[in-house]
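One-letter residues, chain by chain:
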Amino acid sequence: DAGVTQSPTHLIKTRGQQVTLRCSPISGHKSVSWYQQVLGQGPQFIFQYYEKEERGRGNFPDRFSARQFPNYSSELNVNALLLGDSALYLCASSLTGEGSPLHFGNGTRLTVT
Amino acid sequence: SQQGEEDPQALSIQEGENATMNCSYKTSINNLQWYRQNSGRGLVHLILIRSNEREKHSGRLRVTLDTSKKSSSLLITASRAADTASYFCATDPRDDKIIFGKGTRLHILP
């Protein structure tokens, strides 16, 4: 089975622009979570979706939004980019989302200049 | 905010030695998980221990959980160069978000 895939792998954007990151979960996994990881820190929880419904939201501004599609893939959108949004954005899928192990993609490295 | 906090922040040991890292957390949990991350890549799930379990083994990994102290430890025995990575504990507070600590950077010396 294919693992979690994320696209693009790298992205450079300018302050004020908008970005969309994409994630395809492992086949059969219905939950997708998004994390932001700044260099040297642990992943910070942004969103969790299960069966196309938002199940959890972390402490991020409204500039961050996400959605999950009927095929369980997901998009993370960030508007009005700031320099501080530069990070590795990780997507993880799991069977149920209820504390079951997360399977991570290799992330999208976003650089905001 | 991070629920868990790993200790030490960094650890260097000789190949073949055992590596122990600890995790403390703040609130009640359903389970605790450990993950490994090689530089710049996604995290890999290593082991999950439920709140009603005290110890769990998987290959060269041994995890303990003390819910009264809100702490866990990960022991890697007979370390190898390939074990060089960052290790994170992740907790599942009762609101179902999985929250990661800041990690321990483990370096295995040849």
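Predicted, not measured: the structure shown is a model, and the values here were computed from it. (Residues numbered from 1 in each chain as written. Chains lettered and ligands numbered in written order. Predicted model: local features only at pLDDT ≥ 70, side-chain atom pairs only at ≥ 80, totals over all residues. Heavy atoms only, no water.)

## Focus: the overall build of chain A
Part 1 of the argument: Helix and strand counts for chain A come out as zero helices and eleven strands.
Part 2 of the argument: Tracing chain A from N to C terminus, the helices and strands come up as β-β-β-β-β-β-β-β-β-β-β.
Part 3 of the argument: Compactness check: chain A gives a C-alpha radius of gyration of 13 Å against a globular reference of 13 Å for 113 residues, within 12% of the reference.
Part 4 of the argument: In terms of its C-alpha atoms, chain A occupies a principal-axis envelope of roughly 40 × 25 × 25 Å.
Part 5 of the argument: Evaluated residue by residue, chain A yields a buried proportion of 50% over its 113 residues.
Part 6 of the argument: Across chain A, every contact between residues at least 6 apart in sequence was considered, and the portion connecting residues at least 24 apart equals 53%.
Part 7 of the argument: Distance between charge centroids for chain A: 8 Å, based on 10 positive and 8 negative side chains. (Helix = DSSP H or I, 4+ residues; strand = E, 2+ residues; numbered from the N terminus. Rg over C-alpha atoms; globule rule 2.2 N^0.38 Å. Buried < 20%, exposed > 50% of the residue type's maximum accessible area, 1.4 Å probe, protein only. Contact = heavy atoms within 4.5 Å. Lys, Arg positive; Asp, Glu negative; His and termini not counted. Charge placed at Lys NZ, Arg CZ, Asp CG, Glu CD.)

## Describing unusual backbone geometry
Part 1 of the argument: For the bond from S7(A) to P8(A), the omega torsion is -10°, close enough to zero to count as cis.
Part 2 of the argument: You can see P8(A) is positioned in the loop between β1 (5-7) and β2 (10-13).
Part 3 of the argument: The peptide bond linking D7(B) to P8(B) adopts the cis configuration, its omega dihedral lying at 0°.
Part 4 of the argument: Along the chain, P8(B) falls in the loop between β1 (4-7) and β2 (10-14).
Part 5 of the argument: Of note, the phi angle at A80(A) is positive, near 45°, even though the residue is not glycine.

## What about the confidence of the model for chain B?
Part 1 of the argument: Residues at a pLDDT of 70 or more form 95% of chain B, whose mean pLDDT is 92.
Part 2 of the argument: Across chain B, the element-wise mean pLDDT spans from 83 in β1(B) up to 98 in strand β7 (residues 61-66) of chain B. (pLDDT = per-residue confidence, 0-100.)

## Quick word on the interface of chain A and chain B
Part 1 of the argument: Facing the 22 residues of chain A at the interface are 21 residues of chain B.
Part 2 of the argument: Breaking the side of chain A that touches chain B down by element, the ones donating at least two residues are β4 (31-37), β5 (44-50) and β9 (87-94) of chain A.
Part 3 of the argument: In terms of residues, the side of chain A that touches chain B owes the most to one element, β5(A), which gives three residues.
Part 4 of the argument: A class-by-class count of the residues in the side of chain A that touches chain B yields eight nonpolar, eleven polar and three charged. (Nonpolar A, V, L, I, M, F, W, Y, C, P; charged D, E, K, R; others polar.)

## Here we look at the packing of aromatic side chains
Part 1 of the argument: Taken as a whole, this structure holds eight aromatic pairs over all chains when the rule is applied.
Part 2 of the argument: Here the aromatic residues Y35(A), F45(A), F104(A), Y35(B) and F100(B) are joined through ring pairs into a cluster of three or more.
Part 3 of the argument: Above the face of the Y50(A) ring, R55(A) is positioned so that its terminal group lies 4.3 Å from the ring centre. (Phe/Tyr/Trp six-rings, centres within 6.5 Å; stacked < 30°, edge-to-face > 60°. Lys NZ or Arg CZ within 6 Å of the ring centre and 35° of its normal.)

## Some thoughts on the state of the cysteines
Part 1 of the argument: Within the structure shown, the criterion is met by two disulfides over all chains.
Part 2 of the argument: The disulfide that involves C23(A) links it to C91(A), with 1.8 Å between the sulfurs. Between C23(A) and C91(A), the S-S dihedral sits near -65°, and the bridge is therefore left-handed. In this pair, C23(A) is assigned in strand β3 (residues 19-24) and C91(A) in strand β9, connecting sequence segments 68 residues apart. In this pair, the class of C23(A) matches that of C91(A), namely buried.
Part 3 of the argument: The partner cysteine of C23(B) in its disulfide is C89(B), sulfur to sulfur 2.0 Å. Taking the sign of the S-S torsion, 65° for the link of C23(B) and C89(B), the bridge is right-handed. (Disulfide = S-S within 2.5 Å.)

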